[in-house]
Structures are given as structure tokens and as C-alpha cells.
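# Inside the fold
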Amino acid sequence: MSFDAERLAQPSLRTLRAYDPGHDLPALRKRFAAVLAELGSNENPLGPSPQAMEAAQRAIGEMHRYPDPRAGMLREALAEKFAVSAACLAFGNGSHELLMLLAQCFAGPHATVMRSQYGFAVFALATAASGAKPLCVPALSADDRQAPLGHDLEAMADALHDGVRLVYLANPNNPTGTWFSHDSLRAFLRRVPLDTLVVVDEAYGEYMQAPDLASAWTMHAEFPNLVVTRTFSKAYALAGLRAGYLLAHPSVTSVLERLRESFNLNHVAMTAATAALSDTQHLDISMSRNAVARDALAGELARRGYRTLPSQTNFLLMTLETLADPIEHHLIERGVVVRPMGGYGLPGTLRISIGTADENQRLLEALA
Ligand SMILES: *Cc1c(COP(=O)(O)O)cnc(C)c1O
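Calculation notes
Residues numbered from 1 in each chain as written. Predicted model: local features only at pLDDT ≥ 70, side-chain atom pairs only at ≥ 80, totals over all residues. Heavy atoms only, no water. Phe/Tyr/Trp six-rings, centres within 6.5 Å; stacked < 30°, edge-to-face > 60°. Buried < 20%, exposed > 50% of the residue type's maximum accessible area, 1.4 Å probe, protein only. Helix = DSSP H or I, 4+ residues; strand = E, 2+ residues; numbered from the N terminus. Axes fitted to C-alpha atoms, helices over the stretch in contact; angles between N-to-C directions. Parallel < 35°, antiparallel > 145°, perpendicular 65-115°, else oblique. Contact = heavy atoms within 4.5 Å. Nonpolar A, V, L, I, M, F, W, Y, C, P; charged D, E, K, R; others polar. Arc of directions from axis to C-beta. Salt bridge = Lys/Arg side-chain N within 4 Å of Asp/Glu carboxyl O. Near = heavy atom within 4 Å. Polar contact = N/O pair within 3.5 Å; in protein donor to acceptor, adjacent residues only side chain to side chain. Areas by Shrake-Rupley, 256 points an atom, 1.4 Å probe, with all protein chains shown as cover.

## Section: the packing of aromatic side chains
Inspection of the entire model under this criterion finds eight aromatic pairs. Taken together, a centroid distance of 5.9 Å and an interplanar angle of 80° make the contact between Phe-120 and Phe-123 edge-to-face. Under the relative-accessibility criterion, Phe-123 is labelled buried at 0%. Ring geometry for Phe-232 and Tyr-245: centres 5.6 Å apart, planes at 45°, overall tilted. Here Phe-232 is found in the loop between strand S7 (226–231) and strand S8 (244–247), whereas its partner Tyr-245 is found in strand S8, with 13 residues between them in sequence.

In C-alpha cells:
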């Protein structure tokens, strides 16, 4: 009999597929070298703070040692930044790992985990990995004025039931770029019982500028069941090092600590992240450049007849009248990488990260 481990896998994993990087980036980098415009992964084109790079160089010299399992240096810096006790923080090998760990620790075969349609892909993975029952609530319509394709918080609140242990929200969300207001989140949280955790993924939290937006964490005193995840991968430009964190009630982090891999935040990542955090000037420059370039790109795309959704992030979701694949292929052949979102059930869309002025220009030329 032939061997096939597929039959041995957890039933909840059978419908999943491995991460699809979209393109063979190493091959494209060889082919296009310096002229490749990488607008597929929502990275910060400015790169990290020079202070973070220096700190990483120094930390490399200490790589024969295990990292600090408590991430003390970064913990202290973040506790000060958010004015919380050190016990409110937990760290991950990117926030992806923390999103997974939350479901592993707080959901399971007898629990239900809720998310929105078009919500960040890791939410469905985390749910499946925990064996919990997924509950996916339809998103707002494409014509919604506030947040086309965004989370429908009222419908999500209506769908809550006793079995729901965990709700995943992303604000702003990837891949839609949409956001919900602080007030609507508060109204939602008021309807959630305390034995349901609400995880707000703020991977793009640093980019939020809309007047109705604020970090969910500002409400933590009122809602102890609130968890906020953040990352150094996007605005801080440290995607390659893998550093994420979450803010939560100490009783939440106390549970997470039992399963967290002790050395999941490596020493170079922790050191660089701490330095990046203190370079607020670099962050400010990244933010303002992104906002200017994003609005300019959205304007240029609109002039050419392309529609994009409103965004509070470092990317735009372009919605097409046709399938996105031929356009995407055309762009790749011209050295411009963007991401089609068919995997999210959005076959007529392309997600375009905001690049340097030069990269954005190359995208516009390739589209023409
Ligand atoms: C990029 C992203 C993350 C994860 O980033 P990490 O690199 O794992 O920290 C989490 N949530 C959303 C919505 C993202 O777009």
C-alpha cells in the first residue's frame, strides 16, 4: 500500500493549502536585478531605521547565545511606550505566530472562532489549526460608502453566540485596506460577553491617520477581553527579522506564556526592534512619505480609470471590472510585482503596496 500522510492529518487541515508566496521572488530578483519593483508584500520601501541596522549588526556578534526568553529590553521599551505593566506584553516570531498561538490557547474543537469575510488570511489558518469551528461573517458590500468590503461589525455582533471563544478583527484590514471607526469598535465590544476574546490585529496601526481611528488598546481598561496585536514588519520595516507583539490583560499573556516557544523572538530581532522603536523620527518620515505617495498613486490610478478602495495602510486594493490575472502577468513581465487576491475570493482585485516614487512610477508605466 502506498503511503499518504494526507489521511493522517487533522481533519480541519484537509481543506487548507500551504502559503502561496505568489511569485518566485528570488528568481525575479535575478532576472530584473535593481529594476524589480517589489509591490507585493506591503513592506516599507524606505527600509528600517539606521539605528536599527546598527543595533542588528552589534547583536549578530552575540548569536552564539540563546536570546532572552523574556525579551526584557523590548518589553521594557514597549511597556513605557504604552504605559502598561510589563505583564501585558507577549512577543512573537512576527505577529503571525501570536495570532496562531491565541487560537491554540483559547479555542479548540468545542469552540467557535469568528472572523469577517476578506479578513486577514491567518485568522482562518489559526482557527483550523486549533480545530475550532470557523464562523465567517459576510463583509460589507462593495458599494458601502464607509468601508467597501470591510468588516460588518453589527452583523458580527448579531452572530455572536455562547460558543464563540475568539473573534479576529483587523483594523485596518489586509487585503482590503478598510477600517472601522473607534466608536463602532466600542459599540461592538459592548455587545461581546467577557468570556469571548476579541483580537484586534493592528499590523498597520502606525499608518492610521483618519480622525475616527485610534488604537483599540486605548479601551483596554474598559474591556479586559481585548487583545491587540502589532508588528515590526510593516511601518518599522523589519519584516525579515520577524518581530511581533501583543497587548492584553496579564491573565491572557499568562496563558499564552505556557505554550509560547521560549526563544521565538531572536536576539537580533529584539535588539533591532528596540532601536527601531526609539527612532520616532524615522517612523514619522516613513508615515508621511507613505501617505503622500499613496494618495498620489490613488489619484494617478483614478485618472487612468482604475478604482482603488480607501486605505489607511501602505497598500491600495485595486478593483477591476475583469479578472486580475492577465494584468498581473503583464506587470510581472515588466518587473513589477503586485498581488492578486483571488485566494481571498476577490478574483477581480490587485493589492499594490506603496513603493518608492520610482517604483510607483514604474507601476504606472507598466499599466499603460
Ligand atoms: C503583515 C500582516 C501581519 C503579520 O505580520 P508579521 O510579519 O507576522 O508580524 C498580520 N496581520 C496583518 C493584517 C498583516 O497584513
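## Here we look at the environment of Val-292
Mapped onto the elements of the fold, Val-292 is located in helix H10 (residues 280–303). Owing to a relative accessible area of 60%, Val-292 belongs among the exposed residues under this scheme. Once the C-alpha coordinates of Val-292 and Leu-323 are considered, the two residues, 31 residues apart in sequence, prove to be 29 Å apart.

## Re the packing of H10 against helix H12 (residues 357–367)
Put simply, H10 and H12 touch, their axes get as near as 11 Å, and they point 10° apart. If you check the angle between H10 and H12, you find them roughly parallel. Touching Ala-293, Leu-297, Glu-300 and Leu-301 of H10 are Asn-360, Leu-363, Leu-364 and Leu-367, all from H12. Counted by class, the contact of H10 with H12 contains six nonpolar, one polar and one charged residues.

## Let's talk about helix H8 (residues 250–259)
Taken together, the buried positions of H8 are Val-252, Thr-253 and Leu-256. All buried residues of H8 project into a common sector of 90° when viewed along the axis, lining one side. Of the surrounding elements, those touching the buried residues of H8 are strand S2 (89–92), helix H4 (95–106), strand S6 (197–201), S7 and S8.

## With respect to the pattern of salt bridges
Across all of its chains, the model carries 13 salt bridges by this definition. Between Arg-29 and Glu-38 there is a salt bridge; the shortest N-O distance is 2.7 Å. On the basis of relative accessible area, Arg-29 is assigned to the partly exposed category, the value being 41%. For Glu-38, a relative accessible area of 24% puts it in the partly exposed group. Residue Arg-186 is joined to Asp-183 by a salt bridge in which the shortest nitrogen-to-oxygen separation is 3.6 Å. A residue pair is termed a helical-turn pair when its members lie 3 or 4 positions apart in one helix, as Arg-186 and Asp-183 do in helix H7 (residues 182–190) at three residues. Residue classification places Arg-186 among the partly exposed positions, given a relative accessible area of 24%. Several salt bridges share partner residues, and in doing so they unite Asp-183, Arg-186, Arg-190 and Glu-222 into one network.

## Some details on the site of the ligand
Inspection of the region around the ligand gives Gly-94, Ser-95, His-96, Phe-120, Asn-174, Asp-201, Ala-203, Tyr-204, Thr-231, Ser-233, Lys-234 and Arg-242 as its neighbouring residues. Backbone polar atom of Ser-95 to an oxygen atom of the ligand: 2.6 Å apart, as the coordinates give it. At a separation of 2.9 Å, an oxygen atom of the ligand approaches a polar side-chain atom of Lys-234. For the ligand, the protein covers 92% of the area, taking 390 Å² as the surface of the free molecule. Class assignment for the residues of the shell around the ligand results in three nonpolar, six polar and three charged.

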